[in-house]
Structures are given as C-alpha cells and as structure tokens.
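# A look at the structure
This is what each chain is made of:
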Amino acid sequence: MRLQHATWQEVEAYLQHKRGVIVPIGSTEQHGPTGLLGTDAICPEVIAWELGKRHEVLVAPTQNLGMAQHHLAFPGTISLRPTTLIAVLRDTIESLAGHGFRHILFLNGHGGNIATLSAAFAEVYAERSMRRGGEPAAPLHLSTHNWFAGPRVRKLAESLYGDAEGTHATASEIALSWYAHPESIKQAELTPRVAPRGSAGCDADEFRRRFPDGRMGSDPALASIEQGQQLFEAGVMDCWEAYRAFIDTV
Ligand code: NI
C-alpha cells in the first residue's frame, strides 16, 4: 500500500494490526552520461512499491533529495546539506512515530546518505533519551537498508559485471532504473569504458576533476533491461528479508 494513494482511514486501519513502514530514500544527482538523475531514488522506490503490493506493507513517499554535495558540479544535481537532511528525516520520523509507527525502515539508494541517516537516527534517539520523565516512551526502531548491498543483489552484480560494477553510476543501478523506466533509456559513448576509481570524499569541483563524466569505476554500457529485471527480483527478496528481520526486533 502506498501512503500517497491511501486515505487517513486506511492508514488508521493499517495501524490496528501493523506498526511498520518503509520510506524509500534516494538522491537527485548526476549518474554519468547514461544514468538518470533520479537513479538513486527510482531504484529503492520501485523495490519498495513491489513490497507494498506483494506484502501489504505501507510505503511512505520517496525522499527524492539526499546528501549529494559532491555531485553539484554537474547540472541537474540538487543536494541537501547534511544538517538539512537530518532535519527533514527527523520531522519525517517524528510525524510517523506520532501516529503510532514503531518500525521505520529507510530503503536507501545512495551511499552518500548513509552517514546522515545514522546521524538523524542518533538525533531522534537523543531527543527521546534526554526527555525521559519517568514513564518510558513507546518503543521506536529506526533502520536503513541499502538495496544495492543486499546479499542476492551483490552476488548478482558481481556475476554480471565483476569489477566494472563500479561505485557510482554502477552498472546494476543503471540496469534497475532502466527496468523501472524503459521509456527513459539513454545511449552515449563512454570514454574510457570503465571509469576511473577513487574516493568521493571531496568537494564538487574536485569530484569533477577526479571523475570527469561523473561515473566512478563503472561501465554502465554493460547494463540491460533484462538484467534490471533480475536485479529487481533479487532486490525485492533482499529487502523483504531485511524488513522482516527488522520488524522482528523488539
Ligand atoms: Ni547511484
């Protein structure tokens, strides 16, 4: 069930027997000459929506803007500062917790969000811990699952692409985004075929010097829609397993 396609009464009824919700989170940032700017949001979103359909879990609206400052030298990228994203995440979490959600899983598609998600969770927990006034608060569990790091997805990406998977504008995320949006497939010459490797721990101008066309270590020309479908199925299974393990925590 998608929150945006539900009524408040449906959410109220859901909360009678379930307390878990999935929040897809990505980024709006360059993904090389053939990758869509929305790749990091599109990938977790399409997996989350499928989980919503197959398993009747509630899926909140996608957080489409992430922490992507290092991509800002490429047109189209929109970034939130870490402090801004922490504030957005806190408000999202506290809104959902206020309605009675107890397990909030962020299904993430962007490595650059991971540290900020952890910091946001720590802020929420700190606020609760410091406001303790006798009565214990209702439990609240927060977690992140990176769709690209699940065991089935990793194994499949390794077998399909090996070292040419890369770490940004990866062959697997491009394939999955093409499966989700075949009408938006792009073709372009990639030179060199496998992009340079290195660290993204720098500012935007330095990132563009290190990675001139935006890719990091990847050859997304290897990607296909058929592979995207395989990655989708693997991602759905990995993410469901992660969600089930998460909601079993007490
Ligand atoms: Ni990405």
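Attention here is on the structure that accompanies the text. (Residues numbered from 1 in each chain as written. Predicted model: local features only at pLDDT ≥ 70, side-chain atom pairs only at ≥ 80, totals over all residues. Heavy atoms only, no water.)

## Details of the coordination of the nickel ion
Angles between donor atoms at a metal ideally measure 109.5 degrees for a four-coordinate tetrahedral arrangement and either 90 or 180 degrees for a six-coordinate octahedral one. For the record, the criterion: Counted as donors are N, O and S atoms no farther than 2.8 Å from the metal, or 3.2 Å for Na, K and Ca; water is not among the atoms, and sites may therefore look incomplete. Labels for metal geometry use angle windows, namely 85 to 135 degrees for all angles of a four-donor tetrahedral site, and for square planar (four donors) or octahedral (six donors) sites opposite donors over 155 degrees apart plus all others within 65 to 115; sites meeting none of these are irregular. For every residue, the accessible area (1.4 Å probe, protein chains only) is compared with the maximum for its type, and the residue is labelled buried under 20%, exposed over 50%, or partly exposed between those bounds.
Bound to the nickel ion on the protein side are His-31 (NE2), Asp-40 (OD), Glu-173 (OE) and Glu-173 (OE), at distances that span 1.8 to 2.7 Å. Coordination geometry of the nickel ion: the four donor atoms subtend angles of 51 to 138 degrees at the metal centre, consistent with an arrangement described as irregular. Of note, the nickel ion draws all its donor residues from one chain, in the sequence arrangement H-x8-D-x132-E. Owing to a relative accessible area of 0%, His-31 belongs among the buried residues under this scheme.

## Quick look at the pairing of strand 3 (residues 103–108)
Cut-off, in case you're wondering: Only runs of H or I of at least four residues qualify as helices and only runs of E of at least two qualify as strands under DSSP, and these elements are numbered from the N terminus. When DSSP finds two or more bridges between a pair of strands, those strands are recorded as paired. Handedness of a crossover is defined as follows: with both strands directed away from the viewer, a clockwise route from the first strand across the helix to the second makes it right-handed.
Burial of strand 3 is extensive: six of the six residues sit out of reach of the surface. Going residue by residue along strand 3, you find His-103, Leu-105 and Leu-107 tucked away on one face and Ile-104, Phe-106 and Asn-108 tucked away on the opposite face as well. Pairing of strand 3 with strand 4 (residues 141–146) involves six bridges; the strand directions are parallel. Counted as the bridge partner of Ile-104 is Leu-142 from strand 4. Tracing the backbone out of strand 3, into helix 4 (residues 114–130) and back to the parallel element strand 4 gives a crossover that is right-handed.

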